[in-house]
Amino acid sequence: SKPGGVPCLPGEVFRNLGEKHEAVRCLRKAHELEPNNPKFLDALLAMAVEAQDRFLAERTLKRLQEANPGNQKLEEYAKQVEVLKQDKPEERASS
């Protein structure tokens, strides 16, 4: 196992348990330890989008674009962050 791989694990566990805020806290800690680690940035961005934390998502997207410009998920993440920025509840409510 790679060094630095473990701090992200608790975040993934909390995410799987539906504890979004605790997952974000763990992933932020992992990011603090390794601020340019694309794996942590990717996980933190995904969790920020899921938790609808617009400001964290925007900051993390920018950092991920700098740290890993070849990330194939960047375009999709950018779209998700745009949706958060628009924050139109009627689009989220489906009938």
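Small disclaimer: the values here were computed from a predicted structure and weren't measured.

So, how was this worked out
Residues numbered from 1 in each chain as written. Predicted model: local features only at pLDDT ≥ 70, side-chain atom pairs only at ≥ 80, totals over all residues. Heavy atoms only, no water. Axes fitted to C-alpha atoms, helices over the stretch in contact; angles between N-to-C directions. Helix = DSSP H or I, 4+ residues; strand = E, 2+ residues; numbered from the N terminus. Parallel < 35°, antiparallel > 145°, perpendicular 65-115°, else oblique. Left-handed = near helix turned anticlockwise from the far one by under 90°. Contact = heavy atoms within 4.5 Å. Salt bridge = Lys/Arg side-chain N within 4 Å of Asp/Glu carboxyl O. Buried < 20%, exposed > 50% of the residue type's maximum accessible area, 1.4 Å probe, protein only. Core = buried A, V, L, I, M, F, W, Y, C linked by side-chain atoms within 4.5 Å.

Structural notes on the packing of helix α3 (residues 38–50) against helix α4 (residues 54–67)
Running from amino to carboxyl end, α3 crosses α4 at an angle of 155°, the nearest separation of the two axes being 9 Å. Between α3 and α4, the angle is such that the two are roughly antiparallel. Helix-helix and strand crossings are classified by hand; for α3 and α4 the assignment is left-handed. Mapping the contact onto sequence places Pro38, Leu41, Asp42, Leu44, Leu45, Ala48 and Val49 in α3 and Leu56, Ala57, Thr60, Leu61, Arg63, Leu64 and Ala67 in α4.

Looking at the pattern of salt bridges
Inspection of every chain in the model, using the stated rule, returns seven salt bridges. Close ionic contact of Lys79 with Glu75 constitutes a salt bridge, the shortest N to O distance being 3.8 Å. On the criterion of helical spacing, the pair formed by Lys79 and Glu75 is a turn pair, its members being four residues apart in helix α5 (residues 74–86). A relative accessible area of 58% places Glu75 in the exposed class. What you see here is one network of salt bridges that share partners, running through Arg54, Glu58, Glu82 and Lys85.

Regarding the nonpolar core
In this structure, Leu45, Val49, Ala57, Leu61, Leu64, Tyr77 and Val81 are the most contacted members of the largest nonpolar core, which totals 19 residues. With eight residues, α3 is the largest single contributor of residues to this core. Discounting residues that sit within four places of it in the chain, Leu64 has contacts with Pro38, Leu41, Asp42, Leu45, Pro69, Asn71, Leu74 and Tyr77.

Points about unusual backbone geometry
Residues other than glycine seldom take positive phi values, yet Gln52 does so here, at roughly 60°. For Gln52, the position within the fold is in the loop between α3 and α4. For Gln52, a relative accessible area of 44% puts it in the partly exposed group.

It is worth stressing that arrangement in space is one thing and function is another; only the former is reported here.
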